[in-house]
Amino acid sequence: MTVLYAVIAFCVVYSIYIGGYYPQGSDTMCHLYKGEQLLNSIRSGNWYPLYDQYWYNGVQMMRYWAPLPVYVLAFCQFLAGGNMFGGYLVFVGLVFFFGALVWLFIGIKKDRFWMGSFLGILWFFMPNNLFALFDEGNLPRSLSMIFLPLLIYFVNEYMVEGKWKRAIAIVPVFFLIILCHTGYAGMIALALLLFCIFYRIMYKNRRRVLGLIVSLLIPFALTGLWLVPSLKGGISSTDSSQVMKGFFQDAFISLNPLLRLDPQNKYFYFGIAAFLLAVFGLIAAGKKTRIGMWTALVIFICTTTTMYDVLVHLPGSQYLWMLRFISIALCMILYGFLIWKSLKPVYIVIACALLVLDTIPSTVYLHSDGSMTAEERMEKNADELLITEARKQTVQRVALLDASTLGSYGQYQLTALDGNYVHQTFGAGWQSAATASNIVSLNEAVSYGYYRYLFDRLKEMGDDTALIQKQQLRFGADDVERLTAAAEENGYELISQNEDYVLFHMDIASEFGVISDYSGIAVGAFAPLMCYVYPDLCAGESDVINDYTFEELSKYKVVYLSGFSYTDKDAAESLLYQLADAGVHIVIAADGLPTERTTGQKEFMGVNCQTVTFQNGYPILYYKNREVITNLFAEGNEKRNVTYFLNLPETDAYFYDNNQELAFVGKVYNGKISFIGLNLPYHVFESMDENAKYIMDCELGTYLNELPDRKIVPISVETDAKGIRITSPENGVGTTLAYHDIFSSRQHIYSQNNLLYVDEGETQITFSYPYFAQGLAVSLCGLACYAAFIIFMCRRHGHEVDKQSANV
């Protein structure tokens, strides 16, 4: 049977190869790039590279994404002679081959050789597994599909059959899954907890449930050396709530096989055949089979849009990407099918036939027209997208602003198309970037139309070249003229454009750093929005006022606060009064004021805030004896709850509501501190309303409309496996490199806006493994717990003989 599997694996790979349309999947090139970089590092003697200099102004490539797939991909590329395309084909073949062997092993153990052999072939071709591999390009999850059936087998053997040794075997298998994809391992753990609920209902055995939970927790501890650093920043610090919403869909879509006939289909497919098999199993199978069937069907129900409204209220719901649970449910269904020994042969044949028929539309991923090779297709695509020209123009770093419409392909092409690497501000897998917030702001600047801010911040990020997709501009191709004017104001020149892309370049001779001087600082969660409107504002490093000192803030002309917080209200107010006395202009956007815990009111510096609701737009506003007529609110955001003030010593602006005059702009502290309400700053940002902006200009200062002072200075940057050596001609130079917590130096280095700053002279930075002691301690604790678990299970059950599997 292994020979047959090898033959089928070869046929699958060959079919993909002759088609030339590979590698496929939106994230595929991200993972292949990491494998390529790891292989290059290993060849130079570095088996665990801490730093990759090419993506995201420098990124910790191995820290936030599980390491096992990277090593597997590096090994596959090694087997392919260092060729990335060949390595991808080897990976696909190995996923099929070893995934099939696991099912064959299970079939032999359960005395179901032919069923196990059949499921071994079917598992790779299950529509959702093909979708993950070839459409999403989620190679780590595809690798974990090898181990998932083995895990489900061990769990069932322990829980249902009472074979206690399988509880010990769960640990290494789940350990490997965690090292493939930690997030997916968490989803598997949740699915198995759901399995435990049905097990308790049917079998009433609490001890085995506890044993399973322990065997799932220990592997997380064992990976502590890698897991602890990965949980500090990166993906774990990003808000996944909006992402979660995209992983639910209508049940009809999940079960409709015809949707896959559309080449543009991007829907997850549960599988009508698997669904019917699970329903039939609930009706006709024994309870050993029904446990998995019940679990799978509940998972299916939880993938529907109706359940989103329920699950979103659960703690940790932002991680419930339910459509990602589909393969887990399918594995439980197929395992239940395998152990369903009482099922009559005729029904087995019918079920197998339906399962095979259901996979056929998804096999479209395995073949294409074969008009050109993968290398030729990628080079042709790069020429059409101006990527080849962008690579030629780039001296230091390039930014591709396409809102990820090209997926990881564009980023790989821009960096490593012909083996000559080019540095980028973007990349693939942005959650691992230390400059993630910078990247988001650049994309938002494009989509909201703040192009002066865009090119100024591109210069701060060290980008001498920018390739921008026209459809991402606020008004599409019609905005190219305004985009070009903003580029020229910042020292960039239009180099080339086609129907879809426009390419800009700033003429520089060598690597450069930037010395920056801002007139104002924006502090708080919502404050950075005003940086788009007023480029001379820089975003603060913290949202908490008490984190700043008088010396830090007094160097600015303006301190703008919106969505801030404080640990000590009196100290925060005192700092602002002190700054105002020193001549710093303080402007507070009241809609983001913290709520008092004791009173439930929003009050700061003696100013009380109240809420009023507007529909579609503001009423007529009065500012310093002038009527201000503003634009209507943006579509989809027509209703707004906004703030007005009580107890303002000086009122500069007001409106009427039910014939009552209500203040929304005014001053305190002898006119030195301004308050702004009505959520006016957000309205200005969203709508570019010039009339509303007039009020903001008067309160903040028109000089903030100017670009910040930036001086470009030549620097030298040398990177190796151990660290970075930077030579700077002046103090306070932004190197344009991302700042990381693995950096250490005897010279003065610091972070500003997530970028590394150095002083005059040579700065030697060394890399160190992050949170090594803490991670090692967790791993050792996990190892001790595993040893204790083994001893406990042996002492408790060692005298027992494993129960023999009964017929299902």
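About the thresholds
- Residues numbered from 1 in each chain as written.
- Predicted model: local features only at pLDDT ≥ 70, side-chain atom pairs only at ≥ 80, totals over all residues.
- Heavy atoms only, no water.
- Helix = DSSP H or I, 4+ residues; strand = E, 2+ residues; numbered from the N terminus.
- Rg over C-alpha atoms; globule rule 2.2 N^0.38 Å.
- Buried < 20%, exposed > 50% of the residue type's maximum accessible area, 1.4 Å probe, protein only.
- Contact = heavy atoms within 4.5 Å.
- Areas by Shrake-Rupley, 256 points an atom, 1.4 Å probe, with all protein chains shown as cover.
- Lys, Arg positive; Asp, Glu negative; His and termini not counted.
- Charge placed at Lys NZ, Arg CZ, Asp CG, Glu CD.
- Patch = residues over 30% accessible without salt bridge, like charges linked within 9 Å, V, L, I, M, F, W, Y side chains within 5 Å.
- Salt bridge = Lys/Arg side-chain N within 4 Å of Asp/Glu carboxyl O.
- Core = buried A, V, L, I, M, F, W, Y, C linked by side-chain atoms within 4.5 Å.
- Phe/Tyr/Trp six-rings, centres within 6.5 Å; stacked < 30°, edge-to-face > 60°.
- Lys NZ or Arg CZ within 6 Å of the ring centre and 35° of its normal.
- Polar contact = N/O pair within 3.5 Å; in protein donor to acceptor, adjacent residues only side chain to side chain.
- Pairing = 2+ DSSP bridges.
- Axes fitted to C-alpha atoms, helices over the stretch in contact; angles between N-to-C directions.
- Parallel < 35°, antiparallel > 145°, perpendicular 65-115°, else oblique.
- Left-handed = near helix turned anticlockwise from the far one by under 90°.
- Nonpolar A, V, L, I, M, F, W, Y, C, P; charged D, E, K, R; others polar.

## Overview of the overall build of the chain
Within the chain, the secondary structure is distributed over 30 helices and 25 strands. Taking 2.2 N^0.38 as the reference for a compact globule, 808 residues should give roughly 28 Å; the C-alpha atoms of the chain span a radius of gyration of 30 Å, in line with that estimate. Along the three orthogonal principal directions, the C-alpha set of the chain runs to about 90 × 60 × 50 Å. Looking at the chain residue by residue over its 808 residues, the buried ones come to 57%. Residue pairs in contact within the chain that sit at least 24 positions apart in sequence constitute 73% of those at least 6 positions apart. Carbon and sulfur atoms make up 56% of the accessible area of the chain, which amounts to about 33400 Å² in all. Here the chain holds 56 positive side-chain charges and 74 negative ones, and the gap between their average locations is 17 Å.

## Quick word on a negative patch on the surface
A cluster of like negative charges, contributed by E375, E376, E379 and D383, occupies part of the molecular surface. Turning to its location among the elements, E379 is positioned in helix α19 (residues 374-384).

## Points about the side chain of E699
Following the sequence through the fold, E699 ends up in helix α29 (residues 690-700). Those residues in contact with E699, other than ones at most four positions away along the chain, are H585, V587, Y623, K624, D652, V665, K667, S674 and I676.

## Thoughts on the nonpolar core
Formed by 205 residues in total, the largest nonpolar core has its most connected members in F124, F134, M159, F337, L454, F455 and I468. If we skip the residues at most four places from it in the chain, F124 touches V12, V92, V95, F96, N129, L130, L133 and F134. Counting 32 residues, the second largest nonpolar core, distinct from the first, contains Y518, I545, V668 and F675.

## Observations regarding the packing of aromatic side chains
Summed over the entire model, instances satisfying the criterion amount to 59 aromatic pairs. The structure contains a cluster of three or more aromatic residues connected by ring pairs, namely Y5, F96, F124, F125, F134 and Y365. Against the face of Y184 rests R141, its NZ or CZ located 5.4 Å from the ring centre.

## Some thoughts on the side chain of T415
Positionally, T415 belongs in helix α21 (residues 407-416). In this structure the side chain of T415 is engaged in a polar contact, spanning 2.6 Å, whose partner is the side chain of Q424. With near-sequence residues (within four places) excluded, T415 lies in contact with Y33, Y54, W55, R391, N420, Y421, V422 and Q424.

## What to know about the pairing of strand β15 (residues 650-657)
Across two bridges, strand β12 (residues 621-623) lies against β15 in antiparallel orientation. Each bridged residue has a counterpart across the sheet, and for Y622 the counterpart in β15 is Y654. Two successive antiparallel strands, β15 and strand β16 (residues 660-668), enclose a turn made up of two residues, where N658 displays a positive phi of approximately 55°.

## Observations concerning the pattern of salt bridges
Scanning the entire structure with this criterion turns up 24 salt bridges. Put simply, R324 and E136 hold a salt bridge, and the shortest N to O gap is 3.2 Å. With R324 in the loop between α16 (305-311) and α17 (326-339) and E136 in helix α6 (residues 127-136), this residue pair connects regions lying 188 residues apart in the sequence. The pair formed by R324 and E136 is uniform in burial state, with each residue classed as buried. Here K569 and E596 are joined by a salt bridge, their closest N and O atoms 2.9 Å apart. Within this pair, whereas K569 is found in helix α27 (residues 569-581), its partner E596 is found in the loop between β9 (585-589) and β10 (602-604), the two being separated by 27 residues in sequence. For K569, a relative accessible area of 17% translates into the label buried. You can call E596 buried: its relative accessible area is 18%. If you follow the salt bridges from partner to partner, you end up with K110, E157, E161, K163 and K288 in one network.

## So, the sheet that holds strand β3 (residues 493-497)
Pairing is mixed in the open sheet, where four strands are placed in the order β1-β2-β4-β3. Unpaired on one side and paired on the other, β1 (398-401) and β3 mark the two borders of the sheet. When strand polarity is set aside, the average angle formed by the axes of neighbouring strands in this sheet is 20°. As defined by bridge partners, β1 adjoins strand β2 (residues 465-469) across four bridges and the pair is classed as parallel. Paired with L400 across the strands is L467, a residue of β2.

## Some details on the sheet that holds strand β20 (residues 723-728)
Here we have four strands laid out as an open sheet, ordered β19-β20-β25-β22, and antiparallel in their pairing. Since the sheet does not close on itself, it has two edges, and those belong to β19 (716-719) and β22 (743-745), each with one partner. Strand after strand, the sheet turns through a mean of 25° between neighbouring axes, direction not considered. Across three bridges, β22 lies against strand β25 (residues 761-767) in antiparallel orientation. Its bridge partner being in β25, S744 is matched across the sheet by T766.

## Quick look at the environment of G449
Mapped onto the elements of the fold, G449 is located in the loop between α22 (436-448) and α23 (451-460). By relative accessible area, G449 is classed as buried at 2%. In sequence terms G449 and D479 are 30 residues apart; their C-alpha atoms lie 8.2 Å from each other. Beyond its immediate stretch of four places on either side in the chain, G449 contacts E444, R474, R482 and M688.

## With respect to unusual backbone geometry
Phi at D111 takes a positive value of approximately 60°, unusual for a residue other than glycine. With respect to the helices and strands, D111 occurs in the loop between α4 (84-109) and α5 (113-125). A positive phi is found at N647, a non-glycine position, where the angle reads about 70°. Take N647: it is sitting in the loop between β14 (639-646) and β15.

## With respect to the packing of helix α9 (residues 182-203) against helix α15 (residues 287-302)
Taken N-terminus to C-terminus, the directions of α9 and α15 make an angle of 135°; their axes are 9 Å apart at the nearest point. In terms of axis orientation, α9 runs oblique to α15. Here α9 and α15 pass one another in a crossing that is right-handed. Across the interface between the two elements, A191, L194, F195, F198, Y199, M202 and Y203 of α9 pack against K287, K288, R290, I291, G292, W294, T295, V298 and I299 of α15. Broken down by class, the residue content of the contact of α9 with α15 amounts to eleven nonpolar, two polar and three charged.

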